[in-house]
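A structural walkthrough
Below are the chains, spelled out letter by letter.
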Amino acid sequence: MYSLNVELLRRLSKSLGLSQRDFSEQTFGRQQTWPQRMTFFDRLLLTDLVTISNRWHIPIRWFFCKDNEPCTIPRMEEIIRQGEWQEVYIDTEAFRNIYARSPKGFTREDVQKALDVTGSCIWRWVTVKFTMRAQDACVFCNTTQSDLADFIIDHNWKDASSDDACQNENAPSTPETCAEQPACGCTEQQLTGIHQEQACLQEKVKALQNSIDEMRAAMQALHEDTATQGVSALAVLRATDFAGNTGVFAPYQWNAGKWGADATPTLAEVVDRCNAEQRSTADYLLSDMAAIMLRRQSCTCQDGGFQGVSIDRNAFSYVMSAFGLPQESPESLSVQTFCDAINMLHLTPNCCIREAHAAYPRLFADEMVQALSK
């Protein structure tokens, strides 16, 4: 369980031999910031602690107490990092993945209730500006059973805890202290490389599995605010939980039976065949249930009125980045993965496929993707 080291924070400026105004000026560039934070302590932001940590070279972990350990008030010379300093920062992607993936049994609703915020608020934290309060960082870790080090990157703490001089020998315990050096004989630098590689692989796996709930919630709000841009079929899709749970009803699925080949094609191959056969992509991408709800029949133009199908590559790249696969192209992306992406992001193929013959719903989210990708 985490809590703030309140006593250390309240005595911080005095311990540095500064008034609150002078400390605030040297740390934040404004004289009023720190006095206001100390007066209204619940307004202290996690980013405030990051700023303090980087300005005074104090590993951020000193500002928190864990489990039953005492919240010590050490001398500044004991906690100020000597030697090379590595920038402390908040990994918003890691924070989002903890919140979205629920790896230890909690739900997003549990987190929202514990923090007393909405899903849209958390979405803004990871996409616009990270304004989480410092106390809420403790609540978040306690609720999700995660470690501060999972999303607050501070290599100085690990470096400090493994120094030969044991500069910070009275530091609070963390999973990365020198007492836990492995018996394999790996150096600290090698361990850092292994951890970084492992974290990179974990991020890639999470990106493939992440439902992007925050983005979908924001898009759903935009849909509701612009209901006049929808069609009646969209209401039917929402009624079947299209907007909330793609596991219950996924309107876009790869129809392998209509394709007539064993291998799953890429998105580009589907578009090429549609152009060759003068056929709509909806014949291959709409599930049977969704086609019925949309009153969608096969659209094969044999009267010469077919207009070519194309892919807006800028919009495609934008969607893939949101889905966590920024390196993919229409020539490499499986059409099934494309369906999974647009289902999770609450989009239709209209977001990046240009064709005149499809009967997909007209969604504001698709238009927003197109506008943002230009």
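See the structure printed just above.
These notes cover the structure that comes with them. (Residues numbered from 1 in each chain as written. Predicted model: local features only at pLDDT ≥ 70, side-chain atom pairs only at ≥ 80, totals over all residues. Heavy atoms only, no water.)

Here's the deal with the pattern of salt bridges
Rules: Basic side-chain nitrogens of Lys or Arg form a salt bridge, by our definition, when they fall within 4 Å of a carboxyl oxygen of Asp or Glu. Exposure classes here rest on a 1.4 Å probe applied to the protein chains alone. A residue is buried below 20% of its type maximum, exposed above 50%, and partly exposed in between.
Tallying each qualifying case throughout the model produces 12 salt bridges. Between Arg279 and Glu277 there is a salt bridge, with the nearest N and O atoms lying 3.3 Å from each other. Here Arg279 falls in the partly exposed class, since its relative accessible area comes to 21%. Across the pair Asp283 and Arg279 runs a salt bridge whose closest N-O atoms are separated by 3.0 Å. Note on Asp283: relative accessible area 5%, which makes it buried.

Section: the nonpolar core
Definition in use: To define a nonpolar core, start from buried Ala, Val, Leu, Ile, Met, Phe, Trp, Tyr and Cys residues and group those joined through side-chain atoms within 4.5 Å. Only heavy atoms enter the contact rule, under which two residues are in contact if any of them lie within 4.5 Å.
Within the largest apolar cluster, 50 residues are counted, with the highest numbers of intra-cluster contacts made by Leu49, Phe63, Phe64 and Phe151. Those residues in contact with Phe63 that lie beyond four places of it in its chain are Ser3, Leu4, Asn5, Leu8, Leu9, Leu12, Leu49, Ile52, Ser53 and Ile58. If you look at the next biggest cluster of nonpolar residues, it comprises 36 residues, including Trp259, Phe323, Leu347 and Val369.

Notes on the side chain of Thr33
Counted only if it meets this: To qualify as a helix, a DSSP run of H or I must reach at least 4 residues; to qualify as a strand, a run of E must reach at least 2; elements of each kind are numbered from the N terminus. Here a polar contact means two N or O atoms within 3.5 Å. Within protein one must be a hydrogen donor candidate and the other an acceptor candidate, and residues neighboring in sequence count only if both atoms are side-chain atoms.
Residue position: Thr33 is located in helix α4 (residues 33–39). Its relative accessible area of 7% is what places Thr33 among the buried residues. A polar contact of 3.2 Å, which involves the side chain of Thr33, links it to the side chain of Arg30. What Thr33 contacts, discounting residues up to four positions off in sequence, is Ser24 and Phe28.

Some words on helix α8 (residues 108–115)
For the record, the criterion: Directions drawn from the helix axis to the C-beta atoms are what define this arc.
Residues of α8 that are buried include every one of Val111, Gln112 and Leu115, and no others. Across the axial projection of α8, the buried residues extend over an arc of 95°, all falling on one side. Facing away from the buried side of α8 by over 90 degrees, the exposed positions are Glu109 and Lys113. Positive phi shows up at Asp116, right after α8, with a value of about 60°.

Here we look at the side chain of Ser13
Its location among the elements puts Ser13 in helix α2 (residues 12–15). A residue is classified by how much of its surface remains accessible, and Ser13, at 5% relative accessible area, is buried.

Digging into the environment of Arg37
Within the element layout of this structure, Arg37 appears in helix α4. With 27 residues separating them in the primary sequence, Arg37 and Arg10 have C-alpha atoms 9.6 Å apart. When residues no more than four places from it in sequence are discounted, the contact partners of Arg37 are Arg43, Leu44, Leu45 and Asp48. A polar side-chain atom of Arg37 sits 2.5 Å from a polar atom in the side chain of Asp48.

Details of the packing of aromatic side chains
Keep this limit in mind: In this analysis, rings of Phe, Tyr and Trp, with Trp reduced to its six-membered ring, are considered paired at centre separations within 6.5 Å, and the interplanar angle assigns stacked below 30 degrees, edge-to-face beyond 60, and tilted for intermediate values. A ring is scored as having a charge over it whenever the NZ atom of a lysine or the CZ atom of an arginine sits within 6 Å of its centre and within 35 degrees of its normal.
Per the counting criterion, the structure on display carries 12 aromatic pairs. Here the aromatic rings of Phe140 and Phe151 are separated by 5.6 Å at their centres, their planes lie at 90°, and the arrangement is edge-to-face. Linking Phe140 in helix α10 (residues 134–144) with Phe151 in the loop between α10 and β4 (152–153), this pair joins segments that are 11 residues apart in sequence. For the pair shown, Phe140 and Phe151 are each scored as buried. Considering the side-chain rings of Trp259 and Tyr284, the 5.4 Å spacing of their centres and the 75° angle between planes classify their relative orientation as edge-to-face. In this pair, Trp259 sits in helix α15 (residues 256–259) while Tyr284 sits in helix α17 (residues 282–285), placing the two residues 25 residues apart along the sequence. An identical accessibility class is assigned to Trp259 and Tyr284; each is buried. Positioned above the aromatic ring of Phe40, the side-chain terminus of Arg43 is 4.3 Å from the ring centre. Above the plane of the ring of Trp259 lies Arg273, whose end atom (NZ or CZ) is 3.7 Å from the centre.

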